[in-house]
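# Summary of structural features
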2 protein chains.
Amino acid sequence: MNTTNTIYSGSAALLLCLSMSPFASAENVPQASSGYANFTSAGELVRPLGYREWIFIGTPLTPNDMNNGKASFPEFHNVYIDPASWADWKKTGGFPDGTLIVKELVSVGSKQAASGNGYFQGEYIGLEASVKSKQHFPDTPGHWGFFRFTVEISQALRKIAAAQPGENCMGCHQSKAAQDQVFTQHYPVLRAAAGKGSAGAGRLD
Amino acid sequence: MNTTNTIYSGSAALLLCLSMSPFASAENVPQASSGYANFTSAGELVRPLGYREWIFIGTPLTPNDMNNGKASFPEFHNVYIDPASWADWKKTGGFPDGTLIVKELVSVGSKQAASGNGYFQGEYIGLEASVKSKQHFPDTPGHWGFFRFTVEISQALRKIAAAQPGENCMGCHQSKAAQDQVFTQHYPVLRAAAGKGSAGAGRLD
């Protein structure tokens, strides 16, 4: 049996409000009342739900046909940050303990449309996540852990996932990401909002 | 002086909650209390604010280098739907009167990163929107109007915009978009959520 413990205790008012709105969604999976990143007693991350209503931060794309047919990441990556950590980011420009970033994998669908030749999003094919937690990752750079819910050669997703071995993700995130293991250089939403308060939610000028 | 009138009156509970949370943002521009699409007395659309906290639905990309150097839309399009219409979409799979869809233009930044060759989002360079309103557009297909806040050769945005002439947008949206003038075929978030209730916010299976 899985039990959960919460690693984030953010603004009570915000989270109370979220719990009243469709932005909070929890069915079938145990969820703590005030957090986004929930772990089993064995330290596995419970697959997040409702993340398509979180804050979208960017969509990197490295398609096969630009990488000799063998891209390491051939799909779109729709990347989201949890709303509580986003609220902190707008205030401080940093990632608080408890930050949960979700990367949803979307196949390249059509490459031709009325608007021209290009890349258009197809179907959902996977889900990955990273969590910043001093409690769960006391010894990793920045206290980040990386998780993969994708089931290979399938569109199924695991309900829980153990942290990936360090060599799978951390090396690149540590050496190439612009800020605190996160590729903020590719996320305009984060770059524009860092420390900007409500102006970070969309242009006020 | 601009005055505003509201074309959407959605769930009072949802909107009350949104008004208590950082998802609602309004500074400098007149906003009605319960709507997202606000018009001046002259029928111009007031530029939406806070849309980066709405629901992201997809990112079409038709770069110059895939269109003989002359793409009609050479930038990323980050597309969002307002939260009240999203709630309706999850219930019905249709766009209610008052739907406001925002398309934020983002330049192609780097084309090379640690993850491979590809396309990575650069800077914000424009903003467009479409609104479904029987009151404001009684005679257009589906009652949609299209707006452009972008100021050419500048990163500035207009605060208000008049509806675009029909030939600028409607023809293509009417003949090529999969559902009700919206290119749902390129928006996996909408496709996966249509009529699915809370499951539409992120995978529950």
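Quick look at the structure, then. (Residues numbered from 1 in each chain as written. Chains lettered and ligands numbered in written order. Predicted model: local features only at pLDDT ≥ 70, side-chain atom pairs only at ≥ 80, totals over all residues. Heavy atoms only, no water.)

## Examining the overall build of chain A
Along its length, chain A carries 4 helices and 11 strands. Out of the 205 residues in chain A, the part that is buried amounts to 55%. Taking the contacts inside chain A whose residues are at least 6 apart along the sequence as the reference set, 57% of them involve residues at least 24 apart. Here chain A displays about 8,100 Å² of accessible surface, and carbon together with sulfur accounts for 51% of that area. (Helix = DSSP H or I, 4+ residues; strand = E, 2+ residues; numbered from the N terminus. Buried < 20%, exposed > 50% of the residue type's maximum accessible area, 1.4 Å probe, protein only. Contact = heavy atoms within 4.5 Å. Areas by Shrake-Rupley, 256 points an atom, 1.4 Å probe, with all protein chains shown as cover.)

## Quick word on the relation of the copies chain A and chain B
The transformation that overlays chain A on chain B combines an axial shift of 0.0 Å with a rotation of 180 degrees, and the residual RMSD is 0.0 Å. Both copies are brought into coincidence by an operation consistent with a two-fold rotation axis. Of the interface residues in chain A, 100% have counterparts in chain B that sit at the interface too, so the contact is made through matching surfaces. (Least-squares fit on C-alpha atoms with pLDDT ≥ 70 in both.)

## Some remarks on the environment of D65 of chain B
Topologically, D65 of chain B is positioned in the loop between β4 (55-58) and β5 (76-81). For D65 of chain B, the residues in contact, after removing those within four places along its chain, are K111 and Y119 of chain B.

## Focus on the sheet that holds strand β6 (residues 100-108) of chain A
All names here are of chain A. Reading across from one edge, β4-β5-β6-β9-β10 is the order of the 5 strands in this open sheet, with antiparallel pairing throughout. Taken across any chain shown, the strands that pair with only one partner, and hence form the sheet edges, are β4 (55-58) and β10 (144-148). Neighbour-to-neighbour, the strand axes of this sheet turn through a mean angle of 30 degrees, independent of strand direction. Sheet analysis places strand β5 (residues 76-81) next to β6, joined by 6 bridges and oriented antiparallel. When the bridges of β6 are listed, Y80 appears paired with V102. (Pairing = 2+ DSSP bridges. Axes fitted to C-alpha atoms, helices over the stretch in contact; angles between N-to-C directions.)

## Considerations on the nonpolar core
L45 and L100 of chain A together with L45 and L100 of chain B are the most contacted members of the largest nonpolar core, which has 86 residues in total. When near neighbours in sequence (up to four residues on either side) are disregarded, L100 of chain A contacts Y36, A37, L45, P48, W54, Y80, I81, D82, S85, A129, S130 and V131 of chain A. (Core = buried A, V, L, I, M, F, W, Y, C linked by side-chain atoms within 4.5 Å.)

## Details of the layout of surface pockets
All names here are of chain B. Computed from the structure, the largest pocket encloses a volume of approximately 830 Å³. Around the largest pocket sit 40 residues that line it, and F73, H77, K103, E128 and H173 are the ones nearest its centre. Put simply, the parts of the chain that give the lining of the largest pocket at least two residues each are β5, β6 (100-108), β9 (121-132), β10 (144-148) and α3 (166-176). Partitioned by chemical class, the residues of the lining of the largest pocket number 23 nonpolar, 12 polar and 5 charged. (1 Å grid on protein atoms, 1.4 Å probe; cavity = no way out; pocket = protein on both sides within 12 Å on 5 of 7 lines; lining within 4 Å. Points joined across faces, edges and corners; volume = space filled by probe spheres on them. Nonpolar A, V, L, I, M, F, W, Y, C, P; charged D, E, K, R; others polar.)

## Digging into unusual backbone geometry
Most peptide bonds take the trans form, and the phi angle of most residues other than glycine is negative. One non-glycine residue, H143 of chain A, adopts positive backbone phi at about 65 degrees. By secondary structure assignment, the location of H143 of chain A is in the loop between β9 (121-132) and β10. Judged by its relative accessible area of 22%, H143 of chain A is partly exposed. Positive phi outside glycine occurs at D180 of chain B, with the angle close to 50 degrees. Tracing the backbone shows D180 of chain B in the loop between α3 and α4 (188-193). Given the relative accessible area of 26%, D180 of chain B is considered partly exposed.

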